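Residues per chain, in single letters:
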Amino acid sequence: MEYTLRELMAIVAAREIKNGDIVFCGTGISMVAAMAAKHMNAPESVIFFETGAIDSALEEIPMAVADPRVMYSAASCGGLLDAFATMQNRITGDRVIGILGAAQIDKYGNMNSTSIGDYYRPKTRFSGSGGACDVASFVPRYIIFMQHEKRKFPVKVDYLTSPGYLGGNGGRERAGLLSGGPSAVVTNLAMMRFDEKTKEMYLANYYPGISPQKILDNMEFSVDISKATEAAPPTASELRVLREVVDPQRIIL
Amino acid sequence: MEYTLRELMAIVAAREIKNGDIVFCGTGISMVAAMAAKHMNAPESVIFFETGAIDSALEEIPMAVADPRVMYSAASCGGLLDAFATMQNRITGDRVIGILGAAQIDKYGNMNSTSIGDYYRPKTRFSGSGGACDVASFVPRYIIFMQHEKRKFPVKVDYLTSPGYLGGNGGRERAGLLSGGPSAVVTNLAMMRFDEKTKEMYLANYYPGISPQKILDNMEFSVDISKATEAAPPTASELRVLREVVDPQRIIL
Amino acid sequence: MDVRADKVMSLAEAIKTYVKEGSHISIGGFTINRNPMAAVYEIIRQGIKNLHVYAHSNGTGVDELVGGGCVAKIEIAYGGNGRAAPTCIRFKQAIQKGTVVHEDYSNYQMSLRFHAGAMGVPFLPTRSSLGTDIVNKWGFSRQMRKDDSKLPDDKLIVMDNPFGDWANCAKVVLVPAINPDVTILHVQKADRQGTCRIQGLQFCDVDQAKAARNVIVTCEEIVDGAELRKDPEYNQIPFIHVSAVVHVPYGAYPSSCHHYYDYDPTQLSDFAKAAKDDGAFKAYLDKFVYGVRDHQGLLDLVGAERLAKIKADPRTGYATGLDRK
Amino acid sequence: MDVRADKVMSLAEAIKTYVKEGSHISIGGFTINRNPMAAVYEIIRQGIKNLHVYAHSNGTGVDELVGGGCVAKIEIAYGGNGRAAPTCIRFKQAIQKGTVVHEDYSNYQMSLRFHAGAMGVPFLPTRSSLGTDIVNKWGFSRQMRKDDSKLPDDKLIVMDNPFGDWANCAKVVLVPAINPDVTILHVQKADRQGTCRIQGLQFCDVDQAKAARNVIVTCEEIVDGAELRKDPEYNQIPFIHVSAVVHVPYGAYPSSCHHYYDYDPTQLSDFAKAAKDDGAFKAYLDKFVYGVRDHQGLLDLVGAERLAKIKADPRTGYATGLDRK
């Protein structure tokens, strides 16, 4: 069955979500992945947004986390303080899986969504942290969506907006952060994970038809490709959920 | 016109409230005084309670600050955090006048509502601070209701629950507290105020028929009585408000 | 934290499952309003002892827990109960006799401590209590704190404002977070999954729930989740914080439950009278707690006539004109 | 802080009275929802410059203020606006050109800073941003902070947990309070005295209001106070915090206002297109802001047909099936 790499990205991320997880998600493809998981492998997962909506019905796909579509038929509608407390608080926070994106990521999963070049007079300015730094600081595991391009996988990010493993193993703990960190980087070519000991990124799965070398060619730093296997292509049922249930208007996909 | 000293207490305190004040009040006679002011000299004053109700209709007098009678027709019903923030926040807090009561008070207006004797194994245990310490810490002026008895006006309070002027002039500022402090102590015999320079209590008004000496006899420490004048007795209209509007069921009075 | 769709169980089961000997607990409500009284009576009935109670001003409920012999330690802001008992009577006696170890805070400080627990930070700052014995006198000694991992090392900490005179503030008092093992609330409406709607004042209920490892909700009505979700902005507690939902009509009685029933002045005053005397209090417990099977048993003793008197008026939410002398 | 019974005035008068050259301001809403757009356009129309803006994720509104040349400094968590502009376009350009001095925080940090301002404490702690450039890179230098009494001396402070390992936390980041000169909100319902009811998500609106010296509320409907007071638990902002109440139907347009209207994808995307080019953007401002007398003028340009398309469906609160591509 035909599929786009963007569809595969959403499905690969959705598969990471476990039943019963509380899923923090943002706008765009991260919302598609979270919604897909709920209709596939994690029917009892609970989606929530930094704006304060919990377990929204999501009859239509929201275009932003403040879209009124996240308000309809939610269990509750609070505000930002409520949403972030749900993650900073260990009782609920330890059950949360986050889904983030960034403009740059380094080999330890540290992310930049602020700017390229000098911070004060940047070559390119992005949106900034939003809730990304908070989520990356608070939750035990999170998925990162990236476009696989060399400049987006630099040796050092221009601005460290959201903490991954910082300097490597023990880096988070030394900085005073909670343990945890990124569990997967999902791109349009592959899925990367982080080595348990070194916390360095490695290639876990390459997408059907994509060679590990092509992946390396699209990164400034090198990663271990020795453990890599091919990712399972989307099933017909996964694609059906994505296309017919999650985003029938094709707003995101 | 006949009146009880308790009625006069309520009226003397009510007269302290200015139009436009935001009045923090507790249970009992403090609520009577606040309600009376609203029907007498301060029609635009706003009454609120530590439980989070603001500008309640108070069709019937509440028996406690959590009485459902404070919820009816309020402008808003929040919770304790909202109520105390209204006082700790200088924007609204600087407009608040508090009304408190205590088991003991010293010459600097420091109050005890916790216990008599050893803290760990007290001779008499009282309710404890509740919001009293918070109000006394936050607001620029507050009125204190007391029964005029020697043991209730000791040289030193057994437990300093709520700060008055602490050690005297500059005491609050040295401790790191906001300026402000008690403006009046209203008892069943008299009204006392605090000297602007020394912050020591002095007799401002004795009630009709009460001699300054009788007041001194009912206090462990001595106060300046040289500036004292007789308090104006309640007017017929003040008594009518108290008896017919504020507490017709005679629940508090 | 629990995402199950149906958490409804009996009160006896909920208390047995989540409240243990030595548990650190907090209860919702304030003095004479929305105390989870049915749950309090069930704790007494089950004979659960040595509780560590975190209280702001939970008048009636805390006093009965103390009177029922369930409480070993208490952190508290206010042990009073309105006109019926300016100082809660069993509480007063327990402190004077030294049978309960106590530590005093202010109401705002206790509220902030729950707020800190809900937020997941170790402390919050306030400008309250500088220069007072709330700062100077600790109920729990340093040694006791050191020996107990469930207590912070300090009661509170006075700190210079690290931002200089920002906000025109020289010093702050830091109060440590509370994360109770279990919080018990009584609310007007909940769905089977535990999403709650509170009417009237919320007191500290929401933070007490979000700070707790487990939350038992008793409610006047179990309603359809879809109904509650029509106005999600009015649901203060989403289900993810709730462990058990128990349907207990009149579950706050004899305290009030806004829009359902008022407090019962007769019962509160009878309790206050009984509480003054050990023998009379034993008789009170024997009759209203041990002598009944459950909360309905207590309501049967009280009788329909008394309950009719405290029925809330639809306009005001309380029993208009109720004789409260 | 104001207890007057009637605070209703025109938008032009409210902006002129409370928003001054150099004012420190914050606006309510979030990205494409409940931004006080009518007020934003009026600020641009009145030519008020040199504003210091405190923003979390106020997408549309902040981008127009920047584009209108009103902003000199901005403290911000997120300059994005959903699908129409992943990075707000005039904001992006201003930062790249260096025409606006900026300092970055996270969304939670900005929320906490308003919360601290509302609470009246100099700072609040969080576990967010340790080890990041949000801590390391300050937009406003030490010197600039020293010279400006309206800025705290530090951007933020990293501190060891003074309660040891309480809450299993080694370090916290302290973020300083914000007290804006004025906060502008758009809400669904307000009474003439300023008590507000917000439907749907509240974002940070309530703390932004309570932290501010003055608050301008624009609203879809001015309703009878007695009506709002029937359910006081649903009124998030009591009048004591509000300075001005302005009746502006569609006051959040082209952002959405839950239960009233959806965002207008056409207008948002036309704005995004125009914003990419200085000339086109000037033409956009000339037409929709300077070229009209008030917000009704803009609505007339948009036309009844477009407004009908975004009318909220009573069941969902948004425009079901709206073409949003």
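Residues numbered from 1 in each chain as written. Chains lettered and ligands numbered in written order. Predicted model: local features only at pLDDT ≥ 70, side-chain atom pairs only at ≥ 80, totals over all residues. Heavy atoms only, no water.

A. Examining the interface of chain D and chain A more closely. Counting from both sides, the interface comprises 63 residues of chain D and, opposite them, 59 residues of chain A. Both faces combined, the contact of chain D with chain A buries some 5,100 Å², and carbon together with sulfur accounts for 56% of it. Across the chain D-chain A interface, the total number found is 5 salt bridges. For Arg-324 of chain D, the salt bridge identified is with Glu-60 of chain A, shortest N-O distance 3.7 Å. At the boundary of chain D and chain A, one finds 40 residue pairs in polar contact (both at pLDDT 80 or more). Those elements that place two or more of their residues in the side of chain D that touches chain A are α4 (89-97), β4 (101-104), α5 (107-119) and α6 (133-136) of chain D. Of the residues forming the side of chain D that touches chain A, the biggest block, 6 residues, is contributed by α5 of chain D. Among the residues making up the side of chain D that touches chain A, the classes are represented as 21 nonpolar, 28 polar and 14 charged. (Contact = heavy atoms within 4.5 Å. Buried area = accessible area lost by both parts, 1.4 Å probe. Salt bridge = Lys/Arg side-chain N within 4 Å of Asp/Glu carboxyl O. Polar contact = N/O pair within 3.5 Å; in protein donor to acceptor, adjacent residues only side chain to side chain. Helix = DSSP H or I, 4+ residues; strand = E, 2+ residues; numbered from the N terminus. Nonpolar A, V, L, I, M, F, W, Y, C, P; charged D, E, K, R; others polar.)

B. Up close: the packing of aromatic side chains. Here the structure, examined in full by the defined rule, presents 31 aromatic pairs over all chains. Ring centres of Phe-163 of chain C and Phe-123 of chain D lie 6.1 Å apart, and the angle between their planes is 35°; on these two criteria the pair is classed as tilted. Residue Phe-163 of chain C is located in the loop between β6 (157-160) and β7 (171-176), and its partner Phe-123 of chain D is located in strand β5 (residues 123-126); the two belong to separate chains. We note that Phe-163 of chain C, like Phe-123 of chain D, is buried. Measuring from ring centre to ring centre gives 5.7 Å for Phe-281 of chain D and Tyr-284 of chain D, while their planes differ by 20°; the resulting arrangement is stacked. (Phe/Tyr/Trp six-rings, centres within 6.5 Å; stacked < 30°, edge-to-face > 60°. Buried < 20%, exposed > 50% of the residue type's maximum accessible area, 1.4 Å probe, protein only.)

C. Molecular detail of the sheet that holds β5 of chain D. Residue and element names in this part refer to chain D. Taken in spatial order, the 3 strands of this open sheet run β5-β7-β6, and their pairing is antiparallel. Two strands lie at the open edges of the sheet, namely β5 and β6 (157-160), each paired on one side alone. Pairs of neighbouring strands in the sheet enclose a mean axial angle of 35°, with direction left out of account. Pairing between β5 and strand β7 (residues 171-176): 4 bridges, direction antiparallel. Across the sheet, the residue bridging to Thr-126 is Val-173, located in β7. This element, α5, spans β5 and β7 of the sheet and lies at about 145° to β5. (Pairing = 2+ DSSP bridges. Axes fitted to C-alpha atoms, helices over the stretch in contact; angles between N-to-C directions.)

D. Region of the structure containing the pairing of strand β11 (residues 182-186) of chain B. Residues and elements named next belong to chain B. By the criterion of burial, β11 is predominantly enclosed, with 5 of the 5 residues buried. Bridging between strand β10 (residues 141-145) and β11 involves 4 bridges; their strand directions are parallel. For Phe-145, the partnering residue across the bridge sits in β11 and is Val-186. Pairing of β11 with strand β12 (residues 190-194) involves 2 bridges; the strand directions are antiparallel.

E. Summary view of the pairing of β12 of chain B. Residue and element names in this part refer to chain B. Burial analysis of β12 places 4 of its 5 residues in the buried class, the great majority of the element. From the end of β11 to the start of β12, which pair antiparallel, there are 3 residues. Two strands pair when backbone bridges link them, and β12 and strand β13 (residues 201-206) are joined in this way by 5 bridges, in the antiparallel orientation. By the bridge assignment for β13, Phe-194 is matched with Met-201. The loop that links β12 with its antiparallel partner β13 comprises 6 residues; one of these, Lys-199, has a positive phi angle of about 65°.

F. Representation of the relation of the copies chain C and chain D. By a simple turn and slide, chain C fits onto chain D: the slide is 0.0 Å along the axis, the RMSD is 0.0 Å, and the turn is 180°. Given the turn and translation reported, the copies of this chain are related as if by a two-fold rotation axis. Looking at chain C, 100% of its interface residues are interface residues in chain D too, so the copies touch through the same face. (Least-squares fit on C-alpha atoms with pLDDT ≥ 70 in both.)

G. Structural view of the state of the cysteines. Per the counting criterion, the structure on display carries 0 disulfides over all chains. Sulfur of Cys-25 of chain A: no disulfide; nearest cysteine sulfur belongs to Cys-77 of chain A and is 14 Å away. (Disulfide = S-S within 2.5 Å.)

H. Representation of helix α12 (residues 295-302) of chain C within the structure. Every buried residue of α12 of chain C is listed here: His-295, Gly-297, Leu-298, Leu-299 and Val-302 of chain C. Two residues or fewer after α12 of chain C comes Gly-303 of chain C, characterised by a positive phi angle close to 95°.

I. Here's a closer look at the sheet that holds β7 of chain C. Residues and elements named next belong to chain C. Taken in spatial order, the 3 strands line up as β5-β7-β6 in an open sheet, and their pairing is antiparallel. Two strands in the sheet have a free side with no partner beyond their single neighbour: β5 (123-126) and β6. Between one strand axis and the next, the sheet turns through 35° on average, direction left out of account. For β6 and β7, the ladder comprises 4 bridges, and the chain directions are antiparallel. Its bridge partner being in β7, Asp-160 is matched across the sheet by Lys-171. Strand contacts of helix α5 (residues 107-119): β5 and β7, with the helix running at about 145° to β5, the strand carrying the most contacts.

J. Expanded view of unusual backbone geometry. Cis rather than trans, the peptide bond between Tyr-253 of chain C and Pro-254 of chain C has omega equal to 10°. On the secondary structure map, Pro-254 of chain C appears in the loop between β11 (244-247) and α10 (265-275). Of note, Asp-55 of chain B is a non-glycine position whose phi angle comes to about 60°, a positive value. For Asp-55 of chain B, the position within the fold is in the loop between β3 (53-54) and β4 (76-77). Look at Ser-73 of chain B: it is not a glycine, yet its phi comes out positive at around 55°. The topology assignment puts Ser-73 of chain B in the loop between β3 and β4. Residue class for Ser-73 of chain B comes out buried when judged on its relative accessible area of 17%.

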